[in-house]
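Chain by chain, the residues run as shown.
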Amino acid sequence: MFSNLHLIGFGDGGWGWALLQGAGVTISIALATLPFGLALGLAIALMARSGKPVARWFATVYTTVFRGIPELLTLYIFYFGVQILVQRGLEGIGIKGFSIHPFVAGMVALGIVLAAFSSEVWVGALNSIHKGQREAGAALGLSKAQIFRLVVLPQLMRVALPGLGNNWMVLLKETSLVSVITLQDIMFIAQRGSSNTKEPLLFFATAAMIYLAFSLVSWWFFERLERRSNRGHAAFGGQTR
Amino acid sequence: MRWCDHPGFWLGSEVLQNYGCRMATGLGITLQLVVISVSLGCVAGLGLALVRLYGPRWAGLAVGGYTTFFRGTPLLCQLFLVYYGLGQLRPFWQDVGLWWFFREPFYCALFTFTINTAAYQAEVFRGAIQSIGRGQFEGALALGLHRWATLRHVILPQAMIVALRPLGNELIVMIKSSSVASLVTLFDLMGATRLAFSRSFDLSIYLYAAILYLAMVEIIRRLWDVMEKRLTRHVVVR
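Owing to the predicted nature of the structure, the values given are computational and were not obtained by experimental measurement.

Next up on the list: the interface of chain A and chain B. In this assembly, 36 residues from chain A lie in contact with 33 residues from chain B. A buried area of about 3,000 Å², summed over both sides, lies between chain A and chain B, and 77% of it is on carbon and sulfur atoms. Looking only at chain A, the three residues that lose the most surface to chain B are A:Leu73, A:Lys173 and A:Leu201, adding up to 18% of its buried area. If you look at where chain A meets chain B, you find one salt bridge. Taking the shortest distance from any N to any O, the salt bridge between A:Glu71 and B:Lys176 comes out at 3.3 Å. On the surface where chain A and chain B come into contact, there are eight residue pairs in polar contact (both at pLDDT 80 or more). Elements that contribute at least two residues to the side of chain A that touches chain B include exactly α2 (53–68), α3 (71–92), α7 (186–197) and α8 (200–229) of chain A. Examining the composition of the side of chain A that touches chain B, we find that 12 residues originate from one element, α8(A), more than from any other. In terms of residue class, the side of chain A that touches chain B is built from 24 nonpolar, seven polar and five charged.

Turning next to the confidence of the model for chain A. Residue and element names in this part refer to chain A. Taken over all residues, the pLDDT of chain A has a mean of 89, while the share at 70 or more is 95%. For chain A, the element scoring lowest by mean pLDDT is α3, at 86; α2 scores highest, at 95. Contacts from residues 237–241, a stretch scored under 50 in pLDDT, to residues over four places away or in other chains number 10 contacts.

Counting residues in each nonpolar core, the largest one holds 119 residues, and the members touching the most others are A:Leu73, A:Trp122, A:Met187, B:Leu33, B:Phe102, B:Phe113 and B:Tyr206. When neighbours within four sequence positions are excluded, B:Phe102 is seen to be in contact with B:Val82, B:Leu86, B:Trp93, B:Cys108 and B:Phe111. Ranked by size, the runner-up nonpolar core spans 16 residues in total, among them B:Leu50, B:Phe125, B:Leu156 and B:Leu167.

To continue, consider the pattern of salt bridges. Residues and elements named next belong to chain B. On inspection of all chains with the given rule, the structure shows 11 salt bridges over all chains. Residue Glu 228 is joined to Arg 165 by a salt bridge in which the shortest nitrogen-to-oxygen separation is 2.8 Å. Taken as a pair, Glu 228 in helix α11 (residues 204–231) and Arg 165 in helix α9 (residues 147–177) lie far apart in primary sequence, 63 residues in all. Overall, the relative accessible area of 23% leaves Glu 228 in the partly exposed class. Classification of Arg 165 as partly exposed rests on a relative accessible area of 34%. Linked by salt bridges that have partners in common, Arg 52, Arg 71, Glu 123 and Arg 126 make up one network.

A cluster of nonpolar side chains, namely B:Leu89, B:Phe92, B:Val96, B:Leu98, B:Trp100 and B:Tyr107, defines an oily patch on the protein surface of about 530 Å² accessible area. Here B:Tyr107 lies in helix α7 (residues 105–130).

Quick notes on the rules
Residues numbered from 1 in each chain as written. Chains lettered and ligands numbered in written order. Predicted model: local features only at pLDDT ≥ 70, side-chain atom pairs only at ≥ 80, totals over all residues. Heavy atoms only, no water. Contact = heavy atoms within 4.5 Å. Buried area = accessible area lost by both parts, 1.4 Å probe. Salt bridge = Lys/Arg side-chain N within 4 Å of Asp/Glu carboxyl O. Polar contact = N/O pair within 3.5 Å; in protein donor to acceptor, adjacent residues only side chain to side chain. Helix = DSSP H or I, 4+ residues; strand = E, 2+ residues; numbered from the N terminus. Nonpolar A, V, L, I, M, F, W, Y, C, P; charged D, E, K, R; others polar. pLDDT = per-residue confidence, 0-100. Core = buried A, V, L, I, M, F, W, Y, C linked by side-chain atoms within 4.5 Å. Buried < 20%, exposed > 50% of the residue type's maximum accessible area, 1.4 Å probe, protein only. Patch = residues over 30% accessible without salt bridge, like charges linked within 9 Å, V, L, I, M, F, W, Y side chains within 5 Å. Areas by Shrake-Rupley, 256 points an atom, 1.4 Å probe, with all protein chains shown as cover.

Written as structure tokens, this is what we have:
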């Protein structure tokens, strides 16, 4: 294994650049999914707490379904399912050769799963905000949207941060699944490299190390972010951090 | 007609009639993978947590590195590392007489899932043990209990209640993640579904698979609610 380290280098016949590009794709799909998934999750959370029974029912069904079925299955359903449905629809009106880009399919599928998981975090955080905060906002004459944006949301972020950090870590690892719908992320490149060079141990170990580096950076980043958002708040035992 | 042909017949679904039995076999493989790996991982995870908390410093650090690696990399990557990567060392495994193990995708998936879930469960147990108040340790010490007796009779019974919910979540996560086993040529529920789809191009087979996964997850969720209620019936709820 160690005699073949040049295979993952940047020189002639090395896969270094390809692996870096794969790492770039992995990070881009994770970052592209994040805002979409979090925003949808927040919308689902607001539905789960709304006064309308239909909205609550929808939120329950949504979270139960997408938290309960494997991410791989969701990915297949969206990639093949939507593709076939749209193709059939378009063939009806005479357009042929439609296909979804795997990046879009992956982003939508992962975002929908992320929304289901993050909505639970949002609900918990929304519940932790005292009713008096909204009432005080209303007393000041703020509109409903203003109360949410100016009063609730800033406090929400602090409580939701640890849970959302976990969601991000799960998302980062789940992106490895998009390689099965031919998106050229780290896993895809590692698979191609190992079948070309017959050195799977080297390539998958390298891929694992890249993921580990991403995870360690994320852990460090979220720890700092949490410390920053908690400044001024009394910590356990009455101490301030 | 075998029993597994019936659901497809009743639902009038041709694809489920053709592949119902493969799906049933796949469901069995998924259950085997999950039940065995989570049980083994539970024992290993508890051991790792104890080593991390009470073992020598170097062992604690080693366990920390182990959990960080397995929690920081995707399960898919670990599975490929074991199945394709360790499979590359064939002459070595043949020498030590373990090739029969690393040759089989089923054993490779089982091995990967076990060491993966052991890392997650170790963290669950560590958190649960650390959540027990210091006074409990001191009380046991004051009663003259031996270290192991303290753990066994005082700490672990309380820690297990704390760990119950996250352990249930881990079981659910494993049921879902076990679907990656289908990517190393294993015909678990996901593998059977993929096969059925690739031959029939009938999308409904994915929906039937989704219903089966949902049913498994939902049963475990309900079961865990009942278990939690029963185990915490002596605890005063706010």
